[in-house]
Amino acid sequence: MSASGIMTRSAPRLRSLSNLIPKTQKLLSRSLAWTPQPEGSEHRAKWQTTKRPLADERKPLWEKAYFLKPGDAPVEVGGRHNDLRVGGLKVPNIWLRDNCQCSACFHGDTRQRLHDTFQISRDLTIKSHQTEGNSTDIEWSDGHRSSYSHSMLRQACATFEERAKIRQGLPEKPVYWGSSISESPPKVAHDAPEALKAIFHNIRTYGFTYITGVDYSTPEPTKDILTSLGGFLRQTHYGGFYVFTADLASKDTAYTNIALEAHTDNTYFTEPSGLQAFHLLSHTDGSGGASLLVDGFKAAFDLKAKHREAYDILSTVNVHAHASGNDGISIQPYRGFPVISHDPATGDILQVRWNSSDRAAIELPISEVEKWYDAARKFDKLLKKKQNEYWEQLTPGNILVFDNWRVLHGRSAFTGKRTISGAYVMRDDWISKYKMSRWGEGEVLGAIPTS
Ligand SMILES: C[N+](C)(C)CCCC[C@H](N)C(=O)O
Ligand SMILES: O=C(O)CCC(=O)C(=O)O
């Protein structure tokens, strides 16, 4: 019986690991996700432990031994088993054959695999090969012929970190900021040369940008710019391209005039929107309504440095959320998510989900939740540090666009009539556009990890 007094199915395994796991993990090893079995199932509801590796332990165990930096590792075929090696690292025949790029195996337009992977014989061998320049041709024992570019082979052998750079579109030099960003906030004129590339550069580097000089006499210019960031806008129960004001048109506090503390949007969706944009169209007969931005990644790094245990708790304990204001709606993600999520391949911080208004259950036994609150209190204190807050009064003609996975936003209370337009763009849609604008199709498609 674990300390929380609840039989855990995998307690023995956890117990054997528990002496290897820091105090925090012991707490978390008792963190339980209850998966109710369907009515009448042969199992009664079972408590399952949800052990989560600590953020730093997320580094893949195999990262050191097997991967090379792509660099110019030599590609050779031969040896006792006549196999293909990149820098001495064997590339299995099944992988090579499965990633044959000939027109019978791979659709040149759709870039989709055409053959049946599992009809490939496990005993396939290389019958002959020919290396010329940067590619190697192979004739297989079943008579099939394939050709492999060396850059593709090297990518397949690259470390996950190397791959993450292009897969995630990681910025070369991210800039984490505090209140002093107000001295020179990132901005791009909407009609600047290569404006889209500069907009994406700013968003990926700072987590936000202004797009200036936008005609706001009609919604179209704003809508067109936001659509260009992802190809299309995200449709939600708020609509697609939205214009909102304090009229409770949607039953959410955004549609009021009260102050909103720093938060990320859509924690009640399994996947929060990637980008959010605000374009203040007008504010009459009143004052206030200043916008607040906080760099959630900077705050997370500060938390990790100052309160490691709190960082680990917020990185591993799942939290639920809901949006239930509108009639007939109670939107919730299919599972809980931690406040701070990490890239499973590299351990990088990937997302901050923080919204105290919409938070629902904390996925810990109720008797343990104080530990989450204590950790969250530390994070909240950092988010509310004056040095971490960037306040700005939005003005018509200047769109604020920010990465809703990194940057928190809020506003001060206001009086009068205040109208804002904006939209959401999904994460994968804007990252795709960003990568194409930064690297171009060749490098992006060439980096798709096919193994
Ligand atoms: C659509 N528009 C941006 C106007 C309002 C959205 C409300 C967002 C909600 N409070 C959340 O935290 O997700
Ligand atoms: O009205 C604002 O400035 C921000 C509203 C907000 O936080 C939201 O729509 O998520």
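Residues numbered from 1 in each chain as written. Chains lettered and ligands numbered in written order. Predicted model: local features only at pLDDT ≥ 70, side-chain atom pairs only at ≥ 80, totals over all residues. Heavy atoms only, no water.

Student: I would appreciate a short explanation of the site of ligand 1 in the present structure.
Tutor: Near ligand 1, the surroundings consist of 15 residues, among which Asp252, Asn266, Tyr268, Gln276 and Asn355 are the closest. The separation between a nitrogen atom of ligand 1 and a polar side-chain atom of Asp252 is 2.9 Å. Residue Asn266 places a main-chain N or O atom 2.6 Å away from an oxygen atom belonging to ligand 1. Its free accessible area being 380 Å², ligand 1 has 96% of it covered by the protein chains. In terms of residue class, the shell around ligand 1 is built from seven nonpolar, five polar and three charged. (Near = heavy atom within 4 Å. Polar contact = N/O pair within 3.5 Å; in protein donor to acceptor, adjacent residues only side chain to side chain. Areas by Shrake-Rupley, 256 points an atom, 1.4 Å probe, with all protein chains shown as cover. Nonpolar A, V, L, I, M, F, W, Y, C, P; charged D, E, K, R; others polar.)

Student: Please clarify how the side chain of Ser341 should be interpreted in this entry.
Tutor: Assignment of secondary structure puts Ser341 in strand S16 (residues 340-342). Taking the relative accessible area as the measure of exposure, Ser341 reaches 16% and is therefore buried. When residues no more than four places from it in sequence are discounted, the contact partners of Ser341 are Asp348, Ile349, Leu350 and Gln351. (Helix = DSSP H or I, 4+ residues; strand = E, 2+ residues; numbered from the N terminus. Buried < 20%, exposed > 50% of the residue type's maximum accessible area, 1.4 Å probe, protein only. Contact = heavy atoms within 4.5 Å.)

Student: Looking at this structure, how should I read the sheet that holds strand S11 (residues 242-244)?
Tutor: Strand-to-strand pairing in sheets goes through backbone hydrogen bonds, with the strands running parallel or antiparallel. Overall, mixed pairing links the six strands, which are arranged S9-S10-S20-S13-S22-S11 in an open sheet. Two strands in the sheet have a free side with no partner beyond their single neighbour: strand S9 (187-189) and S11. Adjacent strand axes in the sheet meet at a mean angle of 25° when their direction is disregarded. Here strand S10 (residues 208-212) runs beside strand S20 (residues 399-403); their pairing, made up of four bridges, is antiparallel. Residue Tyr210 lies in a different strand from S20, and its bridge partner there is Leu400. (Pairing = 2+ DSSP bridges. Axes fitted to C-alpha atoms, helices over the stretch in contact; angles between N-to-C directions.)

Student: Honestly, the pattern of salt bridges in this entry has me stumped. Any pointers?
Tutor: According to the stated counting rule, one finds 15 salt bridges in the structure shown. One salt bridge connects Arg145 with Glu139, and the closest N-O pair in it is separated by 3.6 Å. By relative accessible area, Arg145 is classed as exposed at 57%. One connected set of salt bridges, linked through shared partners, spans Lys127, Glu139 and Arg145. (Salt bridge = Lys/Arg side-chain N within 4 Å of Asp/Glu carboxyl O.)

Keep in mind that these numbers describe shape and distance, not what the molecule does.
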